[in-house]
Amino acid sequence: MDSEHVRRAIGEVATAYGLCKEPSNVAAGGQSCPLRFRCLGCEHFHTDVSYLPDLEAYLADLLRSREKLMSAFEADDWARSEAMPSEEEIRRVRRLIYRVKTDLDDLSAEDRAQIEQAVSVVRRSRTVMLGMPLVGQPLPDVRPWRSA
Ligand code: SF4
C-alpha cells in the first residue's frame, strides 16, 4: 500500500544494495555516512530480495578486482592493499546472497512467482540513488572561437 511505503521510507534512505536506517545519515538524505558507506558491515544496513541482482554483480566485481590486483599490476604495497577487497567483505556478500536465495528456495512455486513479479515492479520503479555523494564531471574546456 502507498501509505505503508511512505511510512517505511521516512526512517530510511537508499544506499548501495539496500537501505540505511542510521538516523544522522537519513536526516542528511544519505549524504552523511559515518562509516564511509561500508554498508555491508554496518548494523544500520538492510537489504532484501529485490537487491539480489545488485549483490551478485557486486560480488563478481569484487572477485574481478581481487584477481586484477593479484596479477602483475604495478602499484605500491599500501595502495594495493587498500584497494584489495577484503576476504571479510567477500564472505559477507556471499552470505547475504546465500541467505536471500535460501529464503526464495523455501517458498512454494506460487509464492516465488509472486515475489519475482513484485521484485520486477520494484526494480523498475526504483530510482537510482546510492546515497553516496556525487562529484560532477568537469565541464570540457572547449572554446571553438579561440585560435590555437
Ligand atoms: S555504512 Fe551504509 S548503512 Fe551504515 S550508516 Fe553508512 S550508509 Fe548507512
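Residues numbered from 1 in each chain as written. Predicted model: local features only at pLDDT ≥ 70, side-chain atom pairs only at ≥ 80, totals over all residues.

Colleague: Would you explain the site of the ligand in this entry?
Modeller: By nearness alone, 14 residues border the ligand, and Cys 20, Glu 22, Cys 33, Cys 39 and Cys 42 come closest of all. When its residues are assigned to classes, the shell around the ligand shows 8 nonpolar, 4 polar and 2 charged. (Near = placed C-beta within 6 Å. Nonpolar A, V, L, I, M, F, W, Y, C, P; charged D, E, K, R; others polar.)

Colleague: Would you take a moment to explain the confidence of the model for the protein for this structure?
Modeller: Any residue range with low pLDDT should be treated as having predicted coordinates unsuitable for detailed reading. Looking at the protein, the pLDDT average stands at 85 and 79% of residues meet or exceed 70. Per-residue pLDDT, averaged within each element of the protein, yields its smallest value for helix H1 (residues 2–10) (63) and its largest for helix H5 (residues 87–105) (95). (pLDDT = per-residue confidence, 0-100. Helix = DSSP H or I, 4+ residues; strand = E, 2+ residues; numbered from the N terminus.)

Colleague: Teacher, can you tell me more about the environment of Leu 55 here?
Modeller: Its place among the elements puts Leu 55 in helix H3 (residues 52–70). The class of Leu 55 is buried, set by 20 C-beta atoms lying within 10 Å. For the pair formed by Leu 55 and Ala 16, sequence separation is 39 residues and the distance between their alpha carbons is 9.2 Å. For Leu 55, the residues in contact, after removing those within four places along its chain, are Tyr 17, Val 93, Leu 96 and Ile 97. (Buried ≥ 20, exposed ≤ 12 C-beta atoms within 10 Å, placed from the backbone. Contact = placed C-beta atoms within 7 Å.)

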